[in-house]
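Listed below, chain by chain, are the residues.
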Amino acid sequence: MQGIDDERCNMTAMAEHMPQMSVQEFETIAFAAPETVTLEFIDGRIGVKKAADGNHSTIVSWLARPCMQARPDLDLYHGRGLQVEAHREGRAKPDAVLAPEAHFAGHGEWSDPDGTLMVVEVTLYDSDTDRRDRHEKPTAYGQAGIPLYVLIDRDSSTVTVHGNTDRQVGGYRDIHTAKFGEKVLLPDPIGIELDTEILKNYVR
């Protein structure tokens, strides 16, 4: 009986990790989706990104100001589609993407992440936040070689900076978390310090 139970567990685990569809099929679906719907494809599963509320959008706009002031050679893109994960099999639309000025000019909907310096996610109050933003996306962005992943987490009122990518297993080797109100360093290749006091105003 134990052997049968183990085999069932293995088959269940394999089924859970089989992609729902090919990346080409996902891109066809995403292309046909209404502009009001944002779709992503992470870890072989399609996901719908919830529409941002006013505080969420304000946080992204707040981040743009210090980045542009300190690094006028960079652009902060909103909702830029990126090819992520190992072998570029995932598709993500981070809340913000920091890259050299005009880096994505001429690109289609899904860009190769090479040259991207930082991606940012601001948590939404939905059931997928824990799985998507705290677990799947650090792995996907690390595998893609994106130097920094910043998670602005409104549930815990924290900012977590992920750095030093680990392309082999995915994710990042260096992870630093600060409470809203503390100073946060975005290390190289950005080299900016953020004062996060204002973020206290944008949580429930």
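This write-up is about the structure you can find in this document.

What counts and how
- Residues numbered from 1 in each chain as written.
- Predicted model: local features only at pLDDT ≥ 70, side-chain atom pairs only at ≥ 80, totals over all residues.
- Heavy atoms only, no water.
- Helix = DSSP H or I, 4+ residues; strand = E, 2+ residues; numbered from the N terminus.
- Buried < 20%, exposed > 50% of the residue type's maximum accessible area, 1.4 Å probe, protein only.
- Contact = heavy atoms within 4.5 Å.
- Core = buried A, V, L, I, M, F, W, Y, C linked by side-chain atoms within 4.5 Å.
- Pairing = 2+ DSSP bridges.
- Axes fitted to C-alpha atoms, helices over the stretch in contact; angles between N-to-C directions.
- Phe/Tyr/Trp six-rings, centres within 6.5 Å; stacked < 30°, edge-to-face > 60°.
- Lys NZ or Arg CZ within 6 Å of the ring centre and 35° of its normal.

## What to know about the overall build of the protein
Along the backbone of the protein there are four helices and 13 strands. Principal-axis analysis of the C-alpha atoms places the extent of the protein at approximately 60 × 40 × 30 Å. For the protein, the proportion of its 204 residues judged to be buried stands at 46%. The contacts in the protein between residues at least 6 apart in sequence include a share of 54% that link residues at least 24 apart.

## Points about the environment of Tyr-202
Relative to the helices and strands, Tyr-202 resides in the segment after β13 (192-195). Given the relative accessible area of 16%, Tyr-202 is considered buried. Distance in space between the C-alpha atoms of Tyr-202 and Asn-55 is 5.2 Å, their sequence separation being 147 residues. Setting aside its immediate chain neighbours within four residues, Tyr-202 contacts Asn-55, Thr-58, Ile-59, Tyr-125 and Arg-154.

## A short note on the nonpolar core
Residues Met-118, Val-150, Ile-152, Val-159, Leu-186, Ile-190 and Leu-199 are the most contacted members of the largest nonpolar core, which totals 28 residues. At the level of secondary structure, the elements contributing two or more residues to this core comprise α3 (54-70), β3 (74-77), β6 (96-100), β8 (118-122), β9 (148-153), β10 (158-165), β12 (183-186) and β13. Among the elements that line this core, the one with the most residues is α3, at six residues. Setting aside its immediate chain neighbours within four residues, Met-118 contacts Cys-67, Ala-96, Val-97, Leu-98, Ile-146, Leu-148, Val-150, Leu-186 and Ile-190. Residues Ile-42, Ala-99, Val-119 and Ala-144 belong to the second largest nonpolar core, which totals 16 residues.

## Let's talk about the sheet that holds β8
Read across the open sheet, the six strands follow the order β3-β6-β8-β9-β10-β11; overall the sheet is mixed. Single-partner strands in this sheet number two, and they are β3 and β11 (172-179). Averaged over all pairs of adjacent strands, the angle between strand axes in this sheet comes to 15°, irrespective of strand direction. Those strands touched by α3 are β3, β6, β8 and β9, and its axis lies near 175° from that of β3. Sheet strands touched by helix α4 (residues 129-143): β8, β9, β10 and β11. Its angle to β9, the strand with the most contacts, is close to 165°.

## Re the packing of aromatic side chains
Evaluated as defined, the whole model comprises four aromatic pairs. Feature note: the residues Phe-26, Phe-41 and Trp-110 constitute an aromatic cluster, connected by ring pairs. Across from the ring centre of Phe-104, 5.5 Å away, lies the NZ or CZ of Arg-80, which sits over that ring. The ring of Trp-110 is capped by Lys-93, whose NZ or CZ atom sits 5.2 Å from the centre of that ring.

## Describing unusual backbone geometry
Cis geometry marks the peptide bond from Asp-188 to Pro-189, where omega comes out at 15°. A positive phi is found at Ser-157, a non-glycine position, where the angle reads about 55°. Residue classification places Ser-157 among the partly exposed residues on the basis of a relative accessible area of 22%. Residue Asn-164 is not a glycine yet carries a positive backbone phi of 65°. As for its position among the elements, Asn-164 is in strand β10.

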